[in-house]
Amino acid sequence: MISHDLWVVQVPILEKILRTVLVYALVLLLFRVAGKRGLATLNTFDFVVMFLLSNVVQNAVIGADNSLLGGVIGAVTLVAVNAAMNRWVASDERAERLLEGTATTVISDGAFVPDALRRLALRTSEIEHAVRVQNGDSVEEVADARLEPGGQLIVTLKEADQTATHSDIEAIQARLAAIEELLATLAAQGGKHL
């Protein structure tokens, strides 16, 4: 027989929604305070915190409620609040700056920015690896590297160190074709004078 507790919400629905919204806001604040580095690369310690955090806040979200319906209400509230926050941040630049922060320059003109690395708790080896992943050979080749609020490292190589694009190659091919045509014309004119 199915338990009556499966369908009976044991905590008032409004309280359950409020608990979920408050825990969501707290976790959002904690990640905002933890900073961009936490989102950039999760190490073993970060995974442990993530798993334990979900377990720690579980009772704060559901309260003394083990019903299926109570869990559904909490899940729907989390998804709805998250969707609303994403839409708000996407449509309001002030909300984006407040909730996600701004980019931080970690390399400027081929040199690390030590204060930024310290503040973000980044190791130079992490940045060097990211530079290599983005087609740079060394930090000296980097014009600018910024850690974005979402944790992505955006590297801009100095112009002389950037790889050629398709349009660069097409421009060189067009110039070579023009040179070949000019040489052919000169050769044809030179043959007439002999």
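Please read all numbers here as calculations on a predicted model, not as lab measurements. (Residues numbered from 1 in each chain as written. Predicted model: local features only at pLDDT ≥ 70, side-chain atom pairs only at ≥ 80, totals over all residues. Heavy atoms only, no water.)

**Looking at the pairing of strand β1 (residues 104-108)**
Both faces of the sheet carry side chains from a regular strand, because those side chains alternate between them. Bridge count between β1 and strand β3 (residues 142-147): 4 bridges; the pairing is antiparallel. Each bridged residue has a counterpart across the sheet, and for threonine 104 the counterpart in β3 is leucine 147. Two strands pair when backbone bridges link them, and β1 and strand β2 (residues 111-112) are joined in this way by 2 bridges, in the antiparallel orientation. When the sheet's bridge partners are listed, serine 108 is paired in β2 with alanine 111. Hairpin connection between β1 and β2: a loop of 2 residues separates the two successive antiparallel strands, and aspartate 109 in this loop has a positive phi of roughly 50°. (Pairing = 2+ DSSP bridges. Helix = DSSP H or I, 4+ residues; strand = E, 2+ residues; numbered from the N terminus.)

**Here we look at the confidence of the model for the chain**
A low pLDDT score tells you not to read the predicted coordinates there in detail. Per-residue confidence for the chain averages 83 on the pLDDT scale, and 90% of its residues sit at or above 70. Per-element mean pLDDT across the chain ranges from 52 in helix α2 (residues 37-40) up to 94 in β2. (pLDDT = per-residue confidence, 0-100.)

**Examining the sheet that holds β1**
If you trace the 4 strands from one edge of the open sheet to the other, you get β2-β1-β3-β4, paired in antiparallel fashion. Each edge of the open sheet is held by one strand with a lone partner, namely β2 and β4 (153-157).

**Some remarks on a nonpolar patch on the surface**
Together, Ile172, Leu176, Ile179, Leu182, Leu183 and Leu186 line one region of the surface with nonpolar side chains, adding up to about 590 Å² of accessible area. Within the fold, leucine 176 resides in helix α8 (residues 166-193). Given a relative accessible area of 46%, leucine 176 falls into the partly exposed group. (Patch = residues over 30% accessible without salt bridge, like charges linked within 9 Å, V, L, I, M, F, W, Y side chains within 5 Å. Areas by Shrake-Rupley, 256 points an atom, 1.4 Å probe, with all protein chains shown as cover. Salt bridge = Lys/Arg side-chain N within 4 Å of Asp/Glu carboxyl O. Buried < 20%, exposed > 50% of the residue type's maximum accessible area, 1.4 Å probe, protein only.)

**Some remarks on unusual backbone geometry**
With phi around 50°, aspartate 109 is a residue other than glycine that occupies positive phi space. For aspartate 109, the location among the structural elements is in the loop between β1 and β2.

**A look at the pattern of salt bridges**
Think of it this way: side chains of opposite charge can pair up when their charged atoms draw near. Scanning the model with the defined rule gives 8 salt bridges in all. Its salt-bridge partner being glutamate 15, residue arginine 19 comes within 2.9 Å of it at the nearest N-O pair. Pair noted here: arginine 19 and glutamate 15 are both in helix α1 (residues 13-34), with a separation of 4 residues, about one helical turn. With relative accessibility at 28%, the residue arginine 19 sits in the partly exposed group. With its nearest N and O atoms 3.0 Å apart, the salt bridge here joins arginine 146 to glutamate 148. A residue is classified by how much of its surface remains accessible, and arginine 146, at 26% relative accessible area, is partly exposed. Here the salt bridges share partners, and the residues they tie into one network are Asp144, Arg146 and Glu148.

**What to know about helix α3 (residues 44-62)**
An ideal rise of 1.5 Å per residue puts 27 Å on 19 residues; α3 measures up with 28 Å between its terminal C-alpha atoms. Along α3, the helix axis deviates most sharply at valine 56, where the bend reaches about 30°. The inward-facing, buried residues of α3 abut α1. Where α3 terminates, the next one or two residues include glycine 63, which has phi positive at roughly 65°. (Expected span 1.5 Å × (residues − 1). Bend = angle between axes of the 7 residues up to and from the residue. Contact = heavy atoms within 4.5 Å.)

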